[in-house]
Amino acid sequence: MINAVGRDIPDAVLAETGKTVFQGSRHFDDYTYEKAAVKARARIGGEGSKLEKDLQEVLRKCNAHDGMTISFHHHFREGDLVAMQVMQAIHEMGFKNITICASSLSKAQDELVPMLEDGTVTHIESSGVRGKIGEAISEGKLQGIAILRSHGGRVRAIETGETKIDIAFIGAPSCDEYGNCRAVGGNSNCGVLSYSAIDAEYAEYVVVLTDCLVPFPNFPADISMTDVDYVLKVDAIGDPEKIATGAARPVTDRRKLMMAESCAEFIAATPYFKEGFTFQTGIGGAASATALCLSEKMREKNIRMGFGAGGMSKPMCDLLDEGLVSCLLDTQDFDLPSIENLISHPKHFSISTKEYADPFCKGAVVNKLDFVILGTLEADVHFHCNVVMSSEGELMGAQGGHPDTAAGAKCTIVITPLVQGRIPTIRNEVTTVTTPGETVDVIVTDYGIAINPQRPELLEAAKAVKLPIKSIEELRDIAYKICGEPATLEFEDKVVAIIEARDGSIMDVVRKRKDKNLIALSTK
Amino acid sequence: MNHKNRLRRSMMFLNAQKPNLLKDPYIYGADSLIFDLEDAVALGEKDAARFTLFHALKKVDYQNAEKVVRINGIDTPFWKEDIRCAVFAGCDSIRIPKTESKEDILLVEAEVAKAEQEAGVTPGSTFLMAAIESAKGVVHLEEICHASERLFGVALSAGDYTKDLHTGISGSGVELSGARQLMIIHARAAGIQCFDTVYTNLEDMEGFRKEVELIHTMGFDGKSIINPRQIPVVHAVYTPSAEEITFAEKVVQEIDEKRSQGIGVFTVDGKMIDIAFYDGAKRTLALAKAAGVLEEVQND
């Protein structure tokens with residue numbers, strides 16, 4: 001069945017997943033649903049401690065069983081040591097047919113691949129599948145169909161009961177023996193625990209793993225004792241060097257700076273750039289350089305930002321310190337300065353992923369965004385974006401908050417070089433649709449800016465400041481002139497993953513990749 | 001078609017062997033691109049670099065940027081083949097390194113003419129520029145600047161030049177002051193352009209800006225650069241102010257009018273003006289147009 005972004009979703013996939021096809025980003029507006037109820041256990045009295053020493057013992061106490069769903073957060077990113085500790089114990093105990101519901105998976109979980117192959121893990125639900133897991137899923141090694149969903153979409157799936165978590169495992173940088181967790185105060189600080197809030201609320205059992213036990217009460221807690229069943233003291237939960245890096249050097253690459261300057265110029269020309277405007281940007285490269293270029297415009301015109309949202313790094317914190325931003329709404333910290341800033345600045349707030357991006361709640365931060373700056377792997381002439389699939393047909397990225405912020409923000413700007421490596425970014429069709437073009441307003445490249453024809457008022461604003469405006473087709477033509485038209489990737493029929501829209505419908509499917517060596521990557 | 005006296009505020013060096021650099025350097029907006037076959041390319045890689053450059057020049061549309069090829073020195077076995085590669089591929093100009101005499105230029109000129117004939121390129125369409133990298137080169141500036149009709153300019157290359165002087169680059173510019181002054185004087189006397197040396201410390205953008213301001217004040221037409229980050233600084237310094245543009249427009253207009261009335265000397269905004277100001281005012285307007293600010297000012 002063809003969906004609203006023109007993708008053919010096989011009936012067999014609709015039947016197997018029980019899902020519908022994507023019918024537009026506002027199709028579910030006003031949709032009524034019942035929130036899932038979670039089985040809970042009263043603990044009247046108790047011994048005042050939930051401390052455990054043995055992971056396998058905890059698994060037994062949590063009624064671990066074949067076919068269960070367990071969850072993890074990815075605040076420790078590539079430094080995560082929690083997921084694999086838990087999975088090793090599950091593997092040793094011989095459980096099979098496990099569903100992993102993670103906020104994201106990365107290289108830190110590369111060792112999961114043998115567990116996909118031996119049937120320990122048969123289902124994966126995640127924002128992203130980077131590293132060897134992405135490769136394994138693309139090669140069809142996962143028994144079930146992987147579900148790739150946005151951060152907001154994950155909250156929705158848990159709240160609606162579509163995903164029922166049996167045991168949530170939460171790595172906590174500091175925790176007391178009664179389960180009050182903080183994202184700081186230990187050796188593996190990650191700043192916030194936004195992704196875990198929904199898990200703690202809806203999982204049948206909640207297990208905290210920490211390498212830093214502190215005296216009760218570990219307040220103010222990011223995850224409360226009221227939701228925690230067990231606390232497990234382990235030797236390590238993460239590699240601090242891979243959790244949060246030092247501050248990145250300012251961007252000096254002229255190409256990225258040119259894109260950032262164009263982007264800031266465009267933002268300043270729109271009607272939304274006024275006192276109290278709201279903003280989110282990605283980390284690194286042109287996206288974070290945009291924040292710096294924009295700050296010059298803000299100083300010039302004496303305009304302050306109402307709030308900055310999303311994943312944080314030093315440039316945004318500097319703006320807060322300077323008083324150019326009223327507050328930060330933080331969902332993830334990418335560097336040590338942003339963690340320090342979160343601790344020390346009273347207007348740097350941690351928010352849950354539900355508050356950030358849940359499409360089915362009564363109000364999320366993304367809906368209050370004026371601007372969001374996003375990256376992409378590919379974008380097409382319909383403004384659809386692909387943020388998960390490589391040019392070789394391999395799952396390698398994450399949806400993250402991309403579709404959520406794009407849907408919520410008044411002005412969604414995608415910033416990307418026209419050509420990445422030797423592959424055109426702007427093309428006739430993206431390999432996989434993750435973010436629908438109806439929610440993408442502007443694409444900024446090193447060769448010019450394309451504005452979605454659905455937004456004529458933005459086009460007029462851009463013309464007023466003499467930006468290098470081009471049609472999206474013109475950008476595609478330039479890219480094709482440089483690189484040639486990319487050959488269509490070859491896939492087998494087997495569907496290995498679905499790209500879930502934030503509302504739970506199917507945006508696209510990912511098929512099993514043909515043998516890497518057989519794919520003709522040459523141009524037509 | 002390239003013009004001998006075209007605008008050359010920024011002349012950016014690119015390693016001719018790096019496809020990633022050759023792919024699309026025009027997006028940064030440098031006036032000239034200098035594809036380097038000399039110092040940037042290791043001795044064993046000269047053939048490979050020529051091959052890469054040839055195909056890049058043939059394939060890539062470098063848009064409005066001038067395509068200059070820096071050949072290897074005439075004391076090496078490479079320079080003749082470099083010229084053939086550049087001319088056959090359709091370069092606009094050749095940069096001659098380590099120029100010390102008129103004869104050096106004539107040697108290159110003869111080889112370029114030969115290559116033009118062989119390649120079927122319009123005779124005389126390939127321009128030359130001479131890099132001055134030694135005391136001897138500075139001493140012979142007069143004959144060098146007048147050596148060839150093809151020669152559009154001379155450029156200082158401070159690395160080798162300061163070594164020849166038994167010193168190094170201090171940052172103050174004192175060791176370069178004599179050469180710079182002589183170069184601009186001889187270039188102007190010969191009616192050709194003059195370009196300053198590269199600034200290699202990419203971390204010190206403030207020092208770079210000061211140096212560009214210095215050479216702009218001295219009269220240089222532009223500067224050799226090594227990174228696209230330096231382009232906006234050069235162009236900003238070389239962009240006339242709104243007041244300068246307005247004044248230049250008045251000067252051109254008044255001279256045109258007064259000339260037809262037979263008046264030679266008059267005043268504009270209280271300043272005495274005669275025909276000697278005409279070319280300078282025209283240059284200011286050309287710079288303003290290149291910087292994209294002329295139209296805006298006119299619309300004010």
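Residues numbered from 1 in each chain as written. Chains lettered and ligands numbered in written order. Predicted model: local features only at pLDDT ≥ 70, side-chain atom pairs only at ≥ 80, totals over all residues.

Quick look at the overall build of chain A
The number of helices and strands found in chain A is 16 helices and 25 strands. Relative to its length of 524 residues, chain A is compact, with a C-alpha radius of gyration of 23 Å against a globular reference of 24 Å. In terms of overall dimensions, chain A has C-alpha extents of about 70 × 55 × 45 Å along its principal axes. Counting across all 524 residues of chain A, residues that qualify as buried make up 57%. Intrachain contacts of chain A at a sequence separation of at least 6 include 74% that bridge at least 24 residues. (Helix = DSSP H or I, 4+ residues; strand = E, 2+ residues; numbered from the N terminus. Rg over C-alpha atoms; globule rule 2.2 N^0.38 Å. Buried ≥ 20, exposed ≤ 12 C-beta atoms within 10 Å, placed from the backbone. Contact = placed C-beta atoms within 7 Å.)

What to know about the interface of chain A and chain B
Facing 5 residues of chain A, the contacting portion of chain B comprises 5 residues. In terms of residue class, the side of chain A that touches chain B is built from 2 nonpolar, 1 polar and 2 charged. (Nonpolar A, V, L, I, M, F, W, Y, C, P; charged D, E, K, R; others polar.)

Looking at the UniProt feature "domain: HpcH/HpaI aldolase/citrate lyase" (unreviewed entry) in chain B
Within this structure's numbering, the places UniProt gives as "domain: HpcH/HpaI aldolase/citrate lyase" (unreviewed entry) are residues 9–228 of chain B. In the segment residues 9–228 of chain B, helix accounts for 42% and strand for 18%; the C-alpha atoms at its two ends are 13 Å apart. (UniProt positions renumbered as here; feature names shortened; annotations may be inferred.)

Digging into the UniProt feature "binding site: substrate" (unreviewed entry) in chain B
All names here are of chain B. The UniProt entry lists Arg70 and Glu133 under the feature "binding site: substrate" (unreviewed entry), expressed in the numbering used here. Spatial clustering of the annotated residues is evident: they stretch over 64 residues in sequence, but the largest pairwise C-alpha distance comes to 13.7 Å. The contacts of Arg70, once residues within four sequence positions are left out, are Ile34, Phe35, Asp36, Leu37, Glu38, Arg95 and Pro97. In this structure, Glu133 sits in the loop between strand E5 (127–132) and helix H5 (135–139). Assessed through the 25 C-beta atoms surrounding it within 10 Å, Glu133 is described here as buried. The contact partners of Glu133, leaving out residues within four places of it in the chain, are Pro97, Lys98, Ser157, Asp160 and Tyr161.

So, the nonpolar core
In terms of nonpolar packing, the biggest core is built from 242 residues, with Ile167 and Val207 of chain A together with Ile132 and Val154 of chain B touching the most fellow members. With 8 residues, helix H9 (residues 254–269) of chain A is the single largest residue contributor to this core. Not counting chain neighbours up to four residues away, the residues in contact with Ile167 of chain A comprise Cys62, Ala64, Met68, Ile70, Ala203, Glu204, Tyr205 and Val207 of chain A. (Core = buried A, V, L, I, M, F, W, Y, C linked by C-beta atoms within 7 Å.)

What to know about helix H8 (residues 177–190) of chain B
Residues and elements named next belong to chain B. Taking 1.5 Å per residue as the helical rise, H8 with its 14 residues ought to reach 20 Å, and the 20 Å between its terminal C-alpha atoms agrees with that figure. Along H8, the residues classified as buried are Ala179, Arg180, Met183, Ile184, His186 and Ala187. Remark: Gly191 follows H8 within two positions and exhibits a positive phi of approximately 75 degrees. (Expected span 1.5 Å × (residues − 1).)

Some details on the domain arrangement of chain A
All names here are of chain A. Domain annotation for chain A reports domain 1 (48–243) and domain 2 (254–483). Just the C-alpha atoms count here: the centres of domain 1 and domain 2 sit 29 Å apart. Contacts between domain 1 and domain 2 engage 30 residues on the former and 33 residues on the latter. Sorting the residues of the side of domain 1 that touches domain 2 by element identifies helix H5 (131–138), helix H6 (151–159) and helix H7 (196–202) as the ones contributing at least two each. Looking at the side of domain 1 that touches domain 2 element by element, the count peaks at 6 residues for H6. (Domains from an automatic or database assignment.)

Notes on the sheet that holds strand E23 (residues 448–451) of chain A
All names here are of chain A. The 8 strands lie next to each other as E14-E13-E12-E11-E15-E18-E22-E23, forming an open sheet whose pairing is mixed. Taken across any chain shown, the strands that pair with only one partner, and hence form the sheet edges, are strand E14 (348–350) and E23. Geometrically, the sheet is characterised by an average inter-axis angle of 20 degrees between neighbouring strands, direction not taken into account. Pairing geometry for strand E11 (residues 277–281) and strand E15 (residues 371–374), over 3 bridges, is parallel. Each bridged residue has a counterpart across the sheet, and for Thr281 the counterpart in E15 is Ile373. (Pairing = 2+ DSSP bridges. Axes fitted to C-alpha atoms, helices over the stretch in contact; angles between N-to-C directions.)

With respect to the domain arrangement of chain B
On domain assignment, one finds that chain B holds domain 1 (10–237) and domain 2 (242–299). One C-alpha centre belongs to domain 1 of chain B, the other to domain 2 of chain B; they are set 32 Å apart.

A word on unusual backbone geometry
Following Phe216 of chain A, the chain continues into Pro217 of chain A via a peptide bond in cis, with omega recorded as 0 degrees. Within the secondary structure, Pro217 of chain A sits in the loop between strand E9 (205–210) and strand E10 (230–233). A cis amide bond, omega -10 degrees, links Phe219 of chain A with the succeeding residue Pro220 of chain A. Its location among the elements puts Pro220 of chain A in the loop between E9 and E10. Phi is positive for Asp269 of chain B, close to 50 degrees, though the residue is something other than glycine.

A short note on helix H2 (residues 46–59) of chain B
Residue and element names in this part refer to chain B. The terminal C-alpha atoms of H2 lie 20 Å apart, and with 14 residues this matches the ideal 20 Å at 1.5 Å per residue to within 8%. Along H2, the residues that are buried comprise Lys46, Ala49, Arg50, Thr52, Leu53, Ala56 and Leu57. Projected down its long axis, H2 shows its buried positions confined to an angular sector of 165 degrees, all on one face. In this structure, H2 carries Asp47, Lys58 and Lys59 as exposed residues pointing more than 90 degrees from its buried face. Residues of H2 that are buried in the fold lie against helix H1 (19–22), strand E2 (32–36), strand E3 (66–70) and helix H3 (79–89). (Arc of directions from axis to C-beta.)

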